[in-house]
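Notes for the structure review
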Amino acid sequence: MRRFILLFTGILLGLFTLELLDPVQAAVIQPFTSWLADISAAIIMPFDENVRASGRIISHTQTNFAVSIEAGCNGVEAAIVLIAGVLAFPASFKRKVVAITLGFLAIQVMNIARIVSLFYLGQWNLDAFTWTHLYLWPVLIMLDVLVVFMLYLRYLSQRAPVES
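Just so we're clear, the structure is a prediction, and the values are computed from it rather than from any experiment.

Definitions and limits used
- Residues numbered from 1 in each chain as written.
- Predicted model: local features only at pLDDT ≥ 70, side-chain atom pairs only at ≥ 80, totals over all residues.
- Heavy atoms only, no water.
- Axes fitted to C-alpha atoms, helices over the stretch in contact; angles between N-to-C directions.
- Helix = DSSP H or I, 4+ residues; strand = E, 2+ residues; numbered from the N terminus.
- Left-handed = near helix turned anticlockwise from the far one by under 90°.
- Contact = heavy atoms within 4.5 Å.
- Nonpolar A, V, L, I, M, F, W, Y, C, P; charged D, E, K, R; others polar.
- Salt bridge = Lys/Arg side-chain N within 4 Å of Asp/Glu carboxyl O.
- Buried < 20%, exposed > 50% of the residue type's maximum accessible area, 1.4 Å probe, protein only.
- Core = buried A, V, L, I, M, F, W, Y, C linked by side-chain atoms within 4.5 Å.
- Pairing = 2+ DSSP bridges.

1. Observations concerning the packing of helix α1 (residues 2-20) against helix α3 (residues 76-88)
- Where α1 contacts α3, the axes come no closer than 8 Å and their chain directions differ by 145°. Handedness of the crossing formed by α1 with α3: right-handed. On α3, the residues that touch Arg3, Phe4, Leu7, Phe8, Ile11, Leu12, Leu15, Phe16 and Glu19 of α1 are Val76, Glu77, Ile80, Val81, Ile83, Ala84, Gly85, Leu87 and Ala88.
- Residue composition of the contact of α1 with α3, grouped by class: 14 nonpolar, one polar and three charged.

In C-alpha cells form, the structure reads like this:
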C-alpha cells in the first residue's frame with residue numbers, strides 16, 4: 001500500500017505539472033477542449049439549430065447564453081487522477097493501457113453529458129446552473145473516476161493467478 005501511495009502521488013504530481021506546461025496546453029489541452037465543445041455542440045444541434053461552437057465556447061445565437069469550457073471543466077484533471085491510480089497499481093502494461101483508454105472514454109462521455117446539461121441549465125436558471133456546475137457535477141465526475149478504478153481493480157482481482 002505504501003508503494004502505491006508513493007507512486008500515485010509522484011505520478012499525480014508529474015502529470016499535473018506536465019499538463020500545466022505552456023507547450024502541452026497549446027498542443028494538447030486547448031485543442032482537446034475545443035474538440036469537446038465541438039462534440040457537445042454537435043450533440044445539441046439536432047435539437048436546437050441556434051447553437052454554435054467556437055473554440056472552447058458553446059453559444060446560443062438567440063438567447064446569447066454561452067458556456068466556456070475552462071481548465072478543470074474538460075475532464076483532463078479527472079483523467080489524470082485515474083491514470084495515476086492505474087499506473088501506480090501493479091498490473092501488466094497491456095491491462096494498464098486498456099484501463100486508461102476505457103477509463104478516459106468513460107470520463108469524457110460523462111463530461112460531455114455534463115457540458116450539454118450545463119448548457120441547457122444555464123439557459124433555464126442561472127442559480128441551478130451555478131449550483132450544479134460547482135457542486136453536483138464535480139462530485140459525479142470524480143465518482144465516475146472512482147467507479148472506473150474500482151471496476152479495474154475488480155477485473156484485476158478476477159484475473160489474478162491462483163496461488164497454491
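2. Describing the pattern of salt bridges
- Across all of its chains, the model carries one salt bridge by this definition.
- With a closest N to O distance of 3.2 Å, Glu70 and Arg56 form a salt bridge. Of this pair, Glu70 sits in the loop between β3 (66-68) and α3 while Arg56 sits in the loop between β1 (51-54) and β2 (57-60), and the two are 14 residues apart along the sequence.
- Classification of Glu70 as partly exposed rests on a relative accessible area of 36%.
- Take Arg56: its relative accessible area is 31%, and that puts it in the partly exposed class.

3. So, the environment of Leu140
- On the secondary structure map, Leu140 appears in helix α5 (residues 126-159).
- The exposure class of Leu140 is partly exposed, given its relative accessible area of 27%.
- In this structure the C-alpha to C-alpha distance between Leu140 and Met110, which are 30 residues apart in sequence, comes to 8.5 Å.

4. A word on the nonpolar core
- The biggest cluster of nonpolar side chains holds 39 residues, and the ones touching the most others in it are Ile58, Ile69, Leu82, Val86 and Phe119.
- Going through the elements one at a time, α1, α2 (22-44), α3, α4 (93-124) and α5 are the ones with two or more residues in this core.
- Sort the elements by how many residues they give to this core and α4 lands first, with nine residues.
- Apart from the residues within four sequence positions on either side, Ile69 is in contact with Thr33, Leu36, Ala37, Arg56, Ile58, Asn74 and Ile115.

5. Things to note about the sheet that holds β1
- In spatial order, the strands read β1-β2-β3; together these three strands make up an open sheet with antiparallel pairing. Among the strands making up the open sheet, the edge pair consists of β1 and β3. Each strand of the sheet is rotated relative to its neighbour by a mean of 15°, with strand direction disregarded.
- With four bridges joining them, β1 and β2 adopt antiparallel strand pairing. Among the inter-strand pairings, Ala53 is bridged to a residue of β2, identified as Ile58.

None of this, on its own, says anything about what the molecule does.
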